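# Structure assessment
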Amino acid sequence: MTSLYRNRGLYSGTMLLNDLQKEDGDHFKQCCRMSYETFNQLLTLVEPKIRKEDTKFRKAIPSNERLALTLRYLASGDSFASLSLVFKISKSSISHIIPEVCTAIIEVLQDYIQIPKTQEEWLSVGKKYEDLWNFPHCIGAIDGKHVQLQAPIGSGSNFLNYKSTFSIVLMAVVDADYNFLYADVGCQGRISDGGVFRSTSFFKQLEEQKLEIPPAEKLIGREKAVPYVFVADEAFPLKENIPYPGSHENGSAKRIFNYRLSRARRVVENVFGILSAVFRVFRKPMLLEPKKAELVVMACVYLHNFLRKEKASRDIYSPTDLIDHEIEGQLVRGTWREDIQSNIAFTPMQRVGRRSPRFIEENRNEFAEYFSSSGAVPWQSKLA
């Protein structure tokens, strides 16, 4: 693939990148959502997969331009026509480059998203949830979002969701530190939200008891053994902990449980908030066919963990004020929430109230009693 402008001696994408770096570095971070050093680190990883050879007739588009173009698309959601003007690369070339680079990003960053493989690894996840969010036996928060698309050609109503827009669904399980443990994307928007989760490989492993989740144990100061759980909302009435339905009296055990569950679940809300705040490709319907949209979404997911886990990029990618945080239990809302109204293409799962099986009700009651006794935190009665 080559640029329409490649051999005309005009201002190139490489020149653009050099100029952005020469200024003060902030412009480069705004363009690619990472520092120049992190960009080069990622380039080293993906270059063997995205590099193209020159031909007798023209020079190939350099790997650094291919990566920068793709990162700019993810960061802005700009049209291919706008990107063409900035990078001096034809729209037809861009339509091939972005999926190729997204595929390469997913392949080279595979190790950045891993489901725990042993009981010890799950216990480590649970320890962080207890330390950071005061929710023992929690080993992940589950949620999903509809990623809006233009109406795919010939799809009929297959991708039409409950809001009468076309979408694919991103399903996620996250740890206490805002990282993905698991992600699945591509399920058609028409499928019920409970059905989306049931179709994932994660749910199948959970049902077949292949996840090596630790056995049930007693909470501190309690007598009944309770399982290790995933926290979720009403869209996931399976083996997860979900809120008590309805309204409850201030200070009651059920209301306190719902508050404590909401604190733990807030982690997954913030993960999606960070994604949509940084990767603005989620801010509008993607003008891509579903398979290419899946690559774009998963590339953002892998980049999220990569940028969160690399010390050089963590504060650039997700500064403290971007994420919800607490001061003596009082919620300070992250700045991503200020833009939530403009995020029309990243919509929540549909919540449907369902009756919980008896054993889930019993486990929920045990957690509620714990949160109102030996597991209480000082501020919960004021805020619940």
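Here's what I pulled together on the structure shown here. Predicted model, so just to flag it, every value in this text is computed and none were measured. (Residues numbered from 1 in each chain as written. Predicted model: local features only at pLDDT ≥ 70, side-chain atom pairs only at ≥ 80, totals over all residues. Heavy atoms only, no water.)

### Structural notes on the environment of Ile61
Tracing the sequence through the fold places Ile61 in the loop between helix H3 (36-50) and helix H4 (63-76). A relative accessible area of 1% places Ile61 in the buried class. Along the primary structure Ile61 and Ser93 are separated by 32 residues, whereas in three dimensions their C-alpha atoms are 9.5 Å apart. (Helix = DSSP H or I, 4+ residues; strand = E, 2+ residues; numbered from the N terminus. Buried < 20%, exposed > 50% of the residue type's maximum accessible area, 1.4 Å probe, protein only.)

### Re the packing of H3 against H4
Axis separation between H3 and H4 bottoms out at 9 Å; the angle between their running directions is 110°. With respect to H4, the axis of H3 lies roughly perpendicular. The interaxial crossing formed by H3 with H4 has right-handed handedness. Where H3 approaches H4, its residues Phe39, Leu42, Leu43, Val46, Glu47 and Ile50 are matched on the opposing element by Ser63, Asn64, Arg66, Leu67, Ala68 and Leu71. Looking at the contact of H3 with H4 residue by residue, the class counts come to eight nonpolar, two polar and two charged. (Axes fitted to C-alpha atoms, helices over the stretch in contact; angles between N-to-C directions. Parallel < 35°, antiparallel > 145°, perpendicular 65-115°, else oblique. Left-handed = near helix turned anticlockwise from the far one by under 90°. Contact = heavy atoms within 4.5 Å. Nonpolar A, V, L, I, M, F, W, Y, C, P; charged D, E, K, R; others polar.)

### Remarks on helix H5 (residues 80-87)
Within H5 the residues assigned to the buried category are Phe80, Leu83, Ser84 and Phe87. Each buried residue of H5 lies within a common arc of 105° when the element is viewed along its axis, so the set occupies one face. At the C-terminal side of H5, Lys88 shows a positive phi close to 60°. (Arc of directions from axis to C-beta.)

### Here we look at unusual backbone geometry
As a rule of thumb, non-glycine residues mostly have phi less than zero, and peptide bonds are mostly trans rather than cis. Non-glycine residue Gln209 carries a positive phi angle of around 55°. Along the chain, the position of Gln209 falls in the loop between helix H9 (201-207) and strand S4 (217-218). Unusually for a residue other than glycine, Glu212 sits at a positive phi of about 60°. In this fold, Glu212 is placed in the loop between H9 and S4.

### A word on the packing of aromatic side chains
Counted under the stated rule, the structure contains 16 aromatic pairs. Ring geometry for Phe135 versus Phe371: centroids 5.0 Å apart, planes at 65°, classification edge-to-face. Residue Phe135 is found in the loop between helix H7 (119-133) and strand S1 (138-149), and its partner Phe371 is found in helix H13 (residues 358-371); the two are separated by 236 residues along the sequence. Taking relative accessible area as the criterion, Phe135 reaches 0% and is therefore assigned buried. Ring plane angle 35° and centroid distance 6.2 Å describe the contact between Phe257 and Phe371, whose orientation is recorded as tilted. One end of the pair, Phe257, is in helix H10 (residues 253-278); the other, Phe371, is in helix H13, and 114 residues separate them in sequence. Comparing Phe257 with Phe371, the two get one shared label, buried. Three or more aromatic residues joined by ring pairs make a cluster, and in this case those are Trp122, Tyr182, Phe197, Phe202, Phe203 and Phe230. (Phe/Tyr/Trp six-rings, centres within 6.5 Å; stacked < 30°, edge-to-face > 60°.)

### Notes on H7
With 15 residues, H7 ought to run about 21 Å at 1.5 Å a step, and its terminal C-alpha atoms sit 20 Å apart, in line with that. Inspection of H7 places Trp122, Val125, Gly126, Tyr129 and Trp133 among the buried residues, and these make up the whole buried set. Seen along its axis, H7 keeps its buried residues to an arc of 95°; they face one direction. Of the residues trailing H7, Asn134 is marked for its positive phi of about 55°. (Expected span 1.5 Å × (residues − 1).)

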